[in-house]
Amino acid sequence: MISSERIPNNVGLADNRRLQRALEHWQPKYLEWWHDMGPAGFQEHHQVYLRTVISVDPDGWAHFEMVRLPEYRWGIFLADPVVDRTIGFGDMYGDPVWQEVPGEFRNPLRRLIVTQGDTEPASVEQQRELGSRCPSLYDLRNLFQVNVEEGRHLWAMVYLLHSYFGKDGRDEAEDLLARRSGNTDRPRILEAFNQPIDNWLDFFMFTMFTDRDGKSQLMSLSESSLDPLSRTTRFMLTEEAHHMFVGETGVARIIERTCEILKATPGVAEDVRAKGGIDLPTLQKHLNYWFSLSLDLHGSEVSSNAATYFGNGLKGRAQEEAYEDHRVLDSIYPMAMHEEDRVVTKDVPMRNAMNEVLRDWYVGDCASGVARWNKIFERHGLSDRLRLPDRKFHRGIGMYSGFRFDPDGRPLSEAAWARRRDEWLPSEEDKKFLRSIMAEPIFEPGIFANYIAPPRRGINRMPINFEYVRTEE
Ligand SMILES: [Fe+2]
Ligand SMILES: [Fe+2]
């Protein structure tokens, strides 16, 4: 029996027989998946200081307890409804929003939900080996908090599939547990979610840039005319903020430590590695890698799918209310196109450019984060800076894929690319170095790996040296 106490929720699960029955089949499979593919080595004998959502009001957010990972209470929450909410964009602008899925939009809505849902378990799979290399108990706890919340995001999407898509939805919910990140036969849907995350610099860059793609996708889905989808994603955004906090502050603390080392040994930048820190080029290369993969997640620059999603009110722009024109019938987007080795600007109907519009928003959001990182160098009186590569660099999707560009966006020959790739993207040697400084996990409360500074404060006002993950006797 599914008990609604074990599954905190605000969707009236106790009175919803249909949903209960669907979850009765799905939940044991989810737990099996979590056991096989969730954090390796920390499932049985460890208690973790985790935040569990028990309601959507601010108090329900502050519930912290020590729990074993498989006993985390994954819940189902929708943000509170907006009274008399109307469709905010597209052809049906101003009509009442939908509480059920309109038949003609069943397939595209299902595809949007499945694509979003697939990323959630994928990232847990990508991150499952990181615990055994953790830089501190504080960071280990943050990793697990991100993991259980990605698990909850999967629950959120499965809730929609079970509630609104009948048998198809139940089948999709099973498939979400069957695909595997990086598996050749049954890979995850999107490429960035099939890439290994094998060290903590990858993890922090991933949560900075790829979880931020999660933010832009969730923002655009939270504008959707399908009200339950809007409310689910609106609530997910509050958790996403924590994931990006983990990424941004994780890299910030590495930069902090790198600056300390640079100042102690002025002159030779290579000394940073010799002193066990992470040097600037390595940081920049990992930034380049995860930023460019996350740009791909926004899809092709010119897309008739994106136009249809917008016209039909399925997927809007981030912060749709900030725009004046919500139908977007006549406006154009001047787009830089790559043609025969030069870039020409062409006008694209705005609706067809919606992926690029969202990508613009995303790039701006990333740029603010990088500017905050650069303040750390500034504060230390150092002239080093990190920067976002040009959006044409290292693309696998869209009109720039199939061509080579350097981080400044200058076209390159294949040979030049092959020769210089390792200057711009993590090399085998970089990975080996990172593995070498992360070979041993640090489980002593309050102690941090040499390459990363301690955080400024602990979680939920607990001290930094609190035992955030406890081994059971
Ligand atoms: Fe997520
Ligand atoms: Fe996330």
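All residue numbers here refer to positions counted from 1 along the written sequence of the relevant chain. The lettering of chains begins at A and the numbering of ligands begins at 1, in the order of writing. With the structure being a predicted model, the display of local features is reserved for residues of pLDDT at least 70 and the display and counting of side-chain atom pairs for 80 or more, all residues being used for whole-chain, interface and lining totals.

Undergrad: So what exactly am I meant to see when it comes to the overall build of the protein here?
TA: Strands are runs of DSSP state E lasting at least 2 residues, helices are runs of H or I lasting at least 4, and numbering of each runs from the N terminus. For the protein, the helix and strand inventory stands at twelve helices and seven strands. We compute the radius of gyration over the C-alpha atoms and compare it with the globule rule, which gives 2.2 Å times the number of residues raised to the power 0.38. Here the protein has a C-alpha radius of gyration of 23 Å; the compact-globule value for 473 residues is 23 Å, and the two agree. Structurally, the protein occupies a C-alpha span of about 65 × 65 × 40 Å along its principal axes. For the protein, the residues scored as buried account for 45% of the 473 residues in total. Of the contacts made within the protein by residues no fewer than 6 positions apart, 70% connect residues no fewer than 24 positions apart. Residues are called buried when their C-beta atom has 20 or more other C-beta atoms within 10 Å, exposed when it has 12 or fewer, and partly exposed otherwise; all C-beta atoms are positioned from the backbone. It is the C-beta atoms, placed from the backbone, that decide contacts: two residues are in contact if theirs lie within 7 Å.

Undergrad: So what exactly am I meant to see when it comes to the nonpolar core here?
TA: Side chains of nonpolar character tend, in soluble globular proteins, to be buried together. In terms of nonpolar packing, the biggest core is built from 107 residues, with Ile113, Val158, Met205, Val251, Ile254 and Trp290 touching the most fellow members. Of the residues forming this core, the biggest block, 15 residues, is contributed by helix H3 (residues 137-164). Remark: nonpolar core denotes a set of buried Ala, Val, Leu, Ile, Met, Phe, Trp, Tyr and Cys residues whose joining runs through C-beta atoms within 7 Å.

Undergrad: In this structure, what is going on with helix H8 (residues 280-296)? I would like to understand it.
TA: Counting along an α-helix, one turn takes 3.6 residues, and residues three or four places apart therefore face a common direction. Taking 1.5 Å per residue, 17 residues should reach 24 Å; H8 reaches 25 Å between its end C-alpha atoms and fits that length. Burial of H8 is extensive: 14 of the 17 residues sit out of reach of the surface. To estimate how far a helix should extend, the number of its residues minus one is multiplied by 1.5 Å.

Undergrad: Which parts of the structure should I look at to understand helix H2 (residues 106-126)?
TA: For H2, with 21 residues, the first-to-last C-alpha span of 30 Å sits near the 30 Å given by 1.5 Å per residue. The element H2 is extensively covered by neighbouring structure, given that 15 of its 21 residues are classed as buried.

Undergrad: Even after reading the chapter, I still don't get the packing of H3 against helix H6 (residues 227-264), so can you show me in this structure?
TA: A pair of packed helices is characterised by two quantities: the angle between their axes and the separation of those axes. For the pair H3 and H6, the least separation of the axes is 10 Å and the interaxial angle reads 170 degrees. The angle between H3 and H6 falls in the class roughly antiparallel. Each of Asn142, Gln145, Val146, Glu149, His153, Ala156, Tyr159, Leu160 and Tyr164 in H3 lies in contact with H6, whose residues at this interface are Pro228, Leu229, Thr232, Met236, Glu239, His242, His243 and Val246. Note on residue classes: Ala, Val, Leu, Ile, Met, Phe, Trp, Tyr, Cys and Pro are nonpolar, Asp, Glu, Lys and Arg are charged, and everything else, Gly too, is polar. Among the residues forming the contact of H3 with H6, the class breakdown is nine nonpolar, six polar and two charged. Whenever a helix is involved, its axis is fitted only over the stretch in contact; in every case the axis is a line through C-alpha atoms, and angles between N-to-C directions fall within 0 to 180 degrees. Roughly parallel refers to an angle under 35 degrees, roughly antiparallel to one over 145, roughly perpendicular to one between 65 and 115, and oblique to any angle outside these ranges.

Undergrad: Would you explain the sheet that holds strand S1 (residues 46-51) in this entry?
TA: Remark on secondary structure: sheet strands pair via backbone hydrogen bonds, oriented parallel or antiparallel. The strand order across the open sheet built from three strands is S2-S1-S7, with neighbouring strands paired in antiparallel fashion. Across the chains shown, the open sheet's two edge strands, defined by having one partner strand only, are strand S2 (64-67) and strand S7 (469-471). When the angles between neighbouring strand axes are averaged without regard to direction, this sheet yields 20 degrees. Here the rule is simple: two strands pair whenever DSSP picks up at least two bridges between them. Direction of pairing for S1 relative to S7: antiparallel, over a ladder of three bridges. Each residue of the ladder has a partner; that of Val48, found in S7, is Val469. Relative to S1, H3 is tilted by about 65 degrees, and along the sheet it contacts S1 and S7.

Undergrad: Would you mind going over the environment of Arg435 with me for this structure?
TA: For Arg435, the position within the fold is in helix H12 (residues 428-437). Note: C-alpha distance between Arg435 and Asn199 (236 residues apart in sequence) is 6.7 Å.

Undergrad: Explain the packing of H2 against H3 to me, please; I cannot follow it from the model alone.
TA: Packing of H2 against H3 leaves a shortest axis separation of 8 Å and a crossing angle of 155 degrees. Here H3 runs roughly antiparallel to H2, going by the angle between their axes. Relative to H3, the crossing made by H2 is left-handed. Together, Ile113, Gln116, Gly117, Glu120, Pro121, Ser123 and Val124 of H2 and Asn147, Glu150, Gly151, His153, Leu154, Met157, Val158, Leu160 and Leu161 of H3 make up the contact between the two elements. Residues that form the contact of H2 with H3 fall into these classes: eight nonpolar, six polar and two charged. Here a crossing is called left-handed whenever its near helix is offset anticlockwise from the far helix by less than a right angle, and right-handed whenever the offset is clockwise.

Undergrad: Sorry, what's going on with the environment of Glu321 here?
TA: Following the sequence through the fold, Glu321 ends up in the loop between helix H9 (304-311) and strand S3 (332-339). Each C-alpha atom of the pair Glu321 and Glu223 lies 9.2 Å from the other, and the pair is 98 residues apart in sequence.

Undergrad: Got a minute to help me understand the pairing of S1 in this structure?
TA: Consecutive residues of a regular strand have side chains that alternate between opposite faces of the sheet. As defined by bridge partners, S1 adjoins S2 across four bridges and the pair is classed as antiparallel. Considered in S2, the bridge of Leu50 is made with Glu65.

Undergrad: What should I look at first to understand unusual backbone geometry in this one?
TA: In most cases, non-glycine residues show a negative phi, while peptide bonds are predominantly trans. Positive phi is not limited to glycine here, since Gln319 has a value of about 50 degrees. Judged by the 12 C-beta atoms lying within 10 Å of it, Gln319 falls in the exposed class. Even without being glycine, Arg461 reaches a positive phi, approximately 60 degrees. Within the secondary structure, Arg461 is located in the loop between H12 and S7. Classification of Arg461 by C-beta neighbours within 10 Å gives exposed; the count is 8.

Undergrad: Just to check I follow, could you spell out the environment of Ala79 for this structure?
TA: Tracing the sequence through the fold places Ala79 in the loop between S2 and H2. Under the C-beta neighbour-count criterion, Ala79 is labelled partly exposed, with 17 such atoms within 10 Å. When the C-alpha positions of Ala79 and Asn374 are compared, they lie 35 Å apart, and in sequence the two are 295 residues distant. Apart from residues lying up to four places away in sequence, Ala79 is in contact with Val56, Arg231, Arg234 and Phe235.

Keep in mind these values describe shape, not function.
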